[in-house]
Amino acid sequence: MNQQSLGELEDRLDQLDKISVKAGMEISLTKTEWMVCNYDEEKRPVRLRGKPLKRCKEFVYLGVVQAENVGSSGAVEARMGKATRAFRGLYKVWKQRISWETKGELYRTLVRSVLLAGAGTWTATSADFRLLEVWEANLV
């Protein structure tokens, strides 16, 4: 869940908990953890059913490490490196006499897909978007 405040997070957790119970499931208080990203230090714990949940400093989601007070720049830069290698690996293809339309399709399919793998987990900033724009402009 991605909420703007701890109060909102607790409200959403309560809603999810009630829906889960109706469906015959239960949120585990011992396995559920929470984390604050890019915000000032929070002093109080998040509670569910009146009990505090454990706070974590980082976790891995879809192969990307999510960490407190850290943006996604590291993940963005790692993906840019992998996409650059994918682009360079197609050097012979780029030199072929094929249409620009086909080259564009190959780029979107074989390079941009590598770049954006896991992008749904990024807490991207405007600086990250600018970094991606510059990278793509320099590549093509």
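This section reports on the structure supplied with the text.

Cut-offs and rules
Residues numbered from 1 in each chain as written. Predicted model: local features only at pLDDT ≥ 70, side-chain atom pairs only at ≥ 80, totals over all residues. Heavy atoms only, no water. Salt bridge = Lys/Arg side-chain N within 4 Å of Asp/Glu carboxyl O. Helix = DSSP H or I, 4+ residues; strand = E, 2+ residues; numbered from the N terminus. 1 Å grid on protein atoms, 1.4 Å probe; cavity = no way out; pocket = protein on both sides within 12 Å on 5 of 7 lines; lining within 4 Å. Points joined across faces, edges and corners; volume = space filled by probe spheres on them. Nonpolar A, V, L, I, M, F, W, Y, C, P; charged D, E, K, R; others polar.

1. Quick look at the pattern of salt bridges
Stage number 1. Taken as a whole, this structure holds 7 salt bridges when the rule is applied.
Stage number 2. Here E105 and R108 are joined by a salt bridge, their closest N and O atoms 2.7 Å apart. You can see E105 and its partner R108 sitting in helix α4 (residues 100-116), 3 residues apart, about one turn around the helix.
Stage number 3. Note that E136 and R112 form a salt bridge whose closest N and O atoms lie 2.8 Å from each other. Separated by 24 residues along the polypeptide, E136 in helix α5 (residues 126-139) and R112 in helix α4 bring together distant segments of the chain.
Stage number 4. Taken together, the shared-partner salt bridges in this structure form one network comprising D17, E26 and R49.

2. Let's talk about the layout of surface pockets
Stage number 1. Counted as a void, the second largest pocket has a volume near 150 Å³.
Stage number 2. Lining the second largest pocket are F87, W94, W100, K103, G104, Y107 and V140.
Stage number 3. With 4 residues, the single largest contributor to the lining of the second largest pocket is α4.
Stage number 4. Taken together, the residues of the lining of the second largest pocket sort by class into 5 nonpolar, 1 polar and 1 charged.

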